[in-house]
Amino acid sequence: MSGPRIVLPAPGGGTRTHVLAERSPVHDLTAGAPVTRTAYAAAHVVADPLTDPQALDWDATLAFRRHLWALGLGVADAMDTAQRGGGLDWAAARELIARSGAEARAAGGALVCGAMTDQLDPGRRWTLHDLADAYVEQAGWIREAGGTPVIMASRQLAATARDADDYREVYGAVLRQVGGPVLLHWLGEAFDPAMRAYWGDADLGRAAETVLGIVAEHADRITGIKISLLDAAREVALRRRLPPGVSMLTGDDFHYPELIRGDEHGHSGALLGVFDAIAAPARAALARLDAGDEAGYTALLEPTVPLARHLFAAPTSAYKTGVVFLAWLNGHQDHFHLVGGAQTFRSVPHLSTLFALADRAGALADPPLAVRRMRAFLAVAGFES
């Protein structure tokens, strides 16, 4: 039996009718954490559009994190998906980390948070020592809040470092002072053009050798590394060379089903922005993997890939717009606004296609609600069906 119908603008002009599927039962799932895989959803923040200057809606922001923990997923906070470096400054991120830490303790949920250097004025030149100190300050705040620090890629470090030795110096100083456990993060230039030649080399093979050297030297402190390169083969090759006790957490929002499923040599965990948008079907798929049902896992997760590829289409950094759009369609917030007005970063046709792909992926929790909100969005955009 089919669900409601909606007329959408067609990508090339004109209109098309989309018939929604029935509500997916995976949205009724309540479960503990996955057993065989580590899984974090990088969570978005909810803006408060009625304040000037714009602030966060803390109730809705924290309620979404409780939703993710209730599904059994960990939360990765104050990272790219939370518009870190794209509207969320360190002052707001600092408060977010403290509030999320308190919520994590109450819920018994896993929490990792991004440590960067964005408290430093981007208009000034900073020394390597300054950058290391900035990382240490943020990591200490995360630890105090009860989270695990993710040592994220730094735009200031990318602009300052001359070669791989400078990266080794900064990361070594940070890891010696912060201790463990921490996660590292390798963010590719598809997500942020400033990350080209991160680790001191535009050649990804040579950059990987630098990363592996840092991990090997500090393996007693590093519990894992998140790779966001959108290059599955490179991730697998690096994963196979990690020292014992250091796990791979995929940040590949294109190839995550195969990377999480793994092979005879191992598998990746997940720290994914797309898990914000597909939290329920992703958790249901992981439950099938825990049960040894790879076919069931694939049947649930593979239909989400077209949605993910559209969500993260170039310019990839605009994916947060689609994530928040889906959160609004699913009733997790009362409006479609982002920090800094980033709701304008995707077109009406793009978001219309996103709606249809979310339905096919089983990512709409309440199709009638989603249809009502989609029609309201289209009407404001001047589309009358």
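For the structure itself, look to the data block above.
One structure accompanies this document, and this report is about it. (Residues numbered from 1 in each chain as written. Predicted model: local features only at pLDDT ≥ 70, side-chain atom pairs only at ≥ 80, totals over all residues. Heavy atoms only, no water.)

### What to know about the overall build of the chain
Here's step 1: A count of helical and extended segments in the chain gives 15 helices and 12 strands.
Here's step 2: In terms of C-alpha radius of gyration, the chain reaches 20 Å, essentially the compact-globule figure of 21 Å for 385 residues.
Here's step 3: Seen through its C-alpha atoms, the chain measures out along the principal axes to roughly 60 × 50 × 45 Å.
Here's step 4: Within the chain, buried positions represent 56% of all 385 residues.
Here's step 5: A sequence separation of at least 24 residues applies to 68% of the contacts in the chain between residues at least 6 apart. (Helix = DSSP H or I, 4+ residues; strand = E, 2+ residues; numbered from the N terminus. Rg over C-alpha atoms; globule rule 2.2 N^0.38 Å. Buried < 20%, exposed > 50% of the residue type's maximum accessible area, 1.4 Å probe, protein only. Contact = heavy atoms within 4.5 Å.)

### Points about helix α10 (residues 279-290)
Here's step 1: Helix length check: α10, at 12 residues, gives a terminal C-alpha distance of 16 Å against a target of 16 Å (1.5 Å per residue), a fit within 8%.
Here's step 2: Counted residue by residue, α10 has 9 buried out of 12 residues, so it is predominantly covered.
Here's step 3: Restricting attention to buried positions, one finds in α10 the residues A279, A280, P281, A282, R283, A284, A285, L286 and L289.
Here's step 4: Its buried side turned inward, α10 meets β3 (39-42), α1 (58-71), α8 (256-261), α9 (274-277) and α11 (294-301).
Here's step 5: Immediately downstream of α10, the backbone of G292 shows phi near 80 degrees, a positive value. (Expected span 1.5 Å × (residues − 1).)

### A look at the side chain of S352
Here's step 1: If you trace the backbone, S352 turns up in helix α14 (residues 348-360).
Here's step 2: For S352, the residues in contact, after removing those within four places along its chain, are L8, P9, R16, M374 and L378.

### Side note on the sheet that holds strand β7 (residues 111-115)
Think of a sheet as strands paired side by side through backbone hydrogen bonds, with each pair either parallel or antiparallel.
Here's step 1: If you trace the 8 strands once around the closed barrel, you get β3-β6-β7-β8-β9-β10-β11-β12, paired in parallel fashion. Taking each pair of neighbouring strands and ignoring which way they run, the sheet shows an average axis angle of 25 degrees.
Here's step 2: As defined by bridge partners, strand β6 (residues 74-77) adjoins β7 across 3 bridges and the pair is classed as parallel. Bridge pairing in β7 places D77 opposite C113.
Here's step 3: Against the sheet, helix α5 (residues 164-178) engages β8 (148-151), β9 (182-187) and β10 (222-228), with an angle of about 155 degrees to β9.
Here's step 4: On top of the sheet, helix α6 (residues 204-217) reaches β9 and β10; it is set at about 175 degrees to β9, its chief contact. (Pairing = 2+ DSSP bridges. Axes fitted to C-alpha atoms, helices over the stretch in contact; angles between N-to-C directions.)

### Examining the nonpolar core
Here's step 1: Formed by 119 residues in total, the largest nonpolar core has its most connected members in Y171, Y256, F275, I278 and F355.
Here's step 2: For this core, the element with the most residues is helix α3 (residues 128-145), which contributes 9 residues.
Here's step 3: If sequence neighbours within four positions are ignored, Y256 has contacts with T250, L272, V274, F275, I278, Y297, L301, T304, V305 and A308.
Here's step 4: Counting residues in each nonpolar core, the second largest holds 11 residues, with A42, M79, V112 and M152 among its members. (Core = buried A, V, L, I, M, F, W, Y, C linked by side-chain atoms within 4.5 Å.)

### Focus: the packing of aromatic side chains
Here's step 1: With the rule as written, the count across this model stands at 15 aromatic pairs.
Here's step 2: Look at Y167 and Y198: their rings are 4.8 Å apart centre to centre, the planes differ by 70 degrees, and that puts the pair in the edge-to-face class. Placement of the pair is Y167 in helix α5 and Y198 in the loop between β9 and α6, with a sequence separation of 31 residues.
Here's step 3: Between F336 and F377, the aromatic rings sit 5.9 Å apart at their centres with planes inclined by 75 degrees, giving edge-to-face as the arrangement. Taken together, the positions of F336 in the loop between α13 (319-329) and α14 and F377 in helix α15 (residues 367-380) put the pair 41 residues apart, joining distant regions of the chain. For the residue pair F336 and F377, the accessibility class agrees, reading buried in each case.
Here's step 4: Chaining the aromatic ring pairs together yields one cluster made of Y135, Y167, Y171, W186, Y198 and W199.
Here's step 5: The ring centre of W141 lies 3.6 Å from the NZ or CZ of R94, which sits over that ring.
Here's step 6: It is R124 that lies over the ring of W126; its NZ or CZ is 4.1 Å from the centre. (Phe/Tyr/Trp six-rings, centres within 6.5 Å; stacked < 30°, edge-to-face > 60°. Lys NZ or Arg CZ within 6 Å of the ring centre and 35° of its normal.)

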